[in-house]
Amino acid sequence: MRLTLTVNGERHDVDGVAGTESLLSVLRQRLGLSGTKNACEQGQCGSCSVHLDGVLVCACLVPAPQAHGRSVGTVEGLAGEDGPHPVQEAFLACGAVQCGFCTPGMLKAAEDLLRRCPDPGEAEIKDALAGNLCRCTGYRHVLDAVRLAAARTRTLTPEPRP
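Per chain, the residues get numbers from 1 upward, laid out in the order the sequence is written. Totals for whole chains, interfaces and linings use all residues, but because this is a predicted model, local features are given only for residues with pLDDT of at least 70 and pairs of side-chain atoms are given and counted only at 80 or more. Side-chain descriptors were evaluated using all non-hydrogen atoms of the structure, hydrogens and water having been removed beforehand.

Looking at this structure, I do not really get the overall build of the chain. What am I missing?
Helix and strand labels come from DSSP, where a helix needs a run of H or I of at least four residues and a strand needs a run of E of at least two; each type is numbered from the N terminus. Secondary structure assignment for the chain yields five helices and five strands. Across the chain, helices and strands are ordered from the amino to the carboxyl terminus as β-β-α-β-β-β-α-α-α-α. Only C-alpha atoms enter the radius of gyration, while the globule expectation follows 2.2 Å times N to the 0.38, with N the number of residues. Computed over the C-alpha atoms, the radius of gyration of the chain is 16 Å, within 12% of the 15 Å expected from 2.2 N^0.38 for a compact globule of 162 residues. C-alpha extents for the chain along the principal axes are approximately 45 × 40 × 25 Å. The buried share of the chain, taken over its 162 residues, is 44%. The contact definition used throughout considers only heavy atoms, calling two residues in contact when any of these lie within 4.5 Å. Counting contacts in the chain only where the partners sit at least 6 residues apart, residues at least 24 apart contribute 57% of the total. Each residue's exposure class comes from its accessible area (1.4 Å probe, protein chains only) as a fraction of the maximum for that residue type: buried when under 20%, exposed when over 50%, partly exposed otherwise.

Just checking my understanding: could you explain the sheet that holds strand β2 (residues 10–14) for this structure?
The strands that make up a sheet pair up through hydrogen bonds in the backbone, lying either parallel or antiparallel. At least two bridges found by DSSP between two strands is the condition for calling them paired. Taken together, the five strands give an open sheet; going across it, the order is β2-β1-β5-β3-β4, and neighbouring strands pair in mixed fashion. Each edge of the open sheet carries a strand with a single partner, namely β2 and β4 (55–58). Neighbouring strand axes in the sheet, compared pairwise and without regard to direction, differ in orientation by 35° on average. Note: strand β3 (residues 49–52) against strand β5 (residues 71–73), two bridges, orientation antiparallel. Looking at the pairing, H51 lines up with G73 of β5. Against the sheet, helix α1 (residues 23–30) touches β1 (3–7), β2, β3 and β5, its axis set at about 75° to β1. For helices, the fitted line uses only the C-alpha atoms of the stretch in contact; every axis is such a line through C-alpha atoms, and the angle between N-to-C directions lies from 0 to 180 degrees. Sheet contacts for helix α3 (residues 103–116): β3, β4 and β5; angle to β3, the most-contacted strand, approximately 45°.

Which parts of the structure should I look at to understand α3?
Every α-helix carries 3.6 residues per turn, so stepping three or four residues along brings you back to the same face. One fewer than the residue count of a helix, multiplied by 1.5 Å, yields its expected span. Taking 1.5 Å per residue, 14 residues should reach 20 Å; α3 reaches 20 Å between its end C-alpha atoms and fits that length. Of all 14 residues in α3, 12 are buried; the element is thus mostly enclosed. Listed as buried for α3 are T103, P104, G105, M106, L107, K108, A109, A110, E111, D112, L113 and L114.

I keep staring at helix α2 (residues 86–93) and nothing clicks. Help me out?
Those residues of α2 that fall on the buried side of the exposure criterion are P86, V87, Q88, A90 and F91. Where α2 ends, the next residue or the one after it, G95, has phi of about 70°, a positive value.

Help me out: how do you make sense of the nonpolar core in this one?
As a rule of thumb, soluble globular proteins bury nonpolar side chains together. Ranked by size, the top nonpolar core spans 25 residues in total, and within it V87, F91, M106, L129 and V146 carry the most contacts. Among the secondary structure elements, those contributing two or more residues to this core are α2, α3, α4 (122–129) and α5 (140–156). With sequence-adjacent residues up to four places away left out, M106 is seen in contact with F91, L129, N132, L133, C134, Y139 and V142. Here, the term nonpolar core denotes a set of buried Ala, Val, Leu, Ile, Met, Phe, Trp, Tyr and Cys residues that are joined through side-chain atoms within 4.5 Å. With 21 residues, the next largest nonpolar core counts L5, L27, L33 and C48 among its residues.

Listed below in structure tokens is the structure:
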């Protein structure tokens, strides 16, 4: 089957996709986007988190044919022309990047949270990251990074004029 999808704003046509293949496999094996990690393949760890038409999903659970004609946002698409995304900068500043295996999923979950809720409380941050497992940081640094990214994002966003 031929799969057409837009990844990080760029259209891709992928031939020979099996109906049983996952979106994660297409991203990593066929498009060479290795930022999205393959860990549990059961949707339990969050390391393969991506946006599918703006909704955060575990790419390992999405059959590739379901992504046909849709938009996918991966960790590779976080940084913009002006440099790293505020979430990426905050993770580095707070030491929230250790082995790096969970980092892409954590970054996507944090980006998703801050897009929906620019001023999250502790409970909202923990809830947003609940689907992401990390064995290195103990989560404290990750929570600090999300709070820092929220603060930095709020200062970059101009107040609406009346």
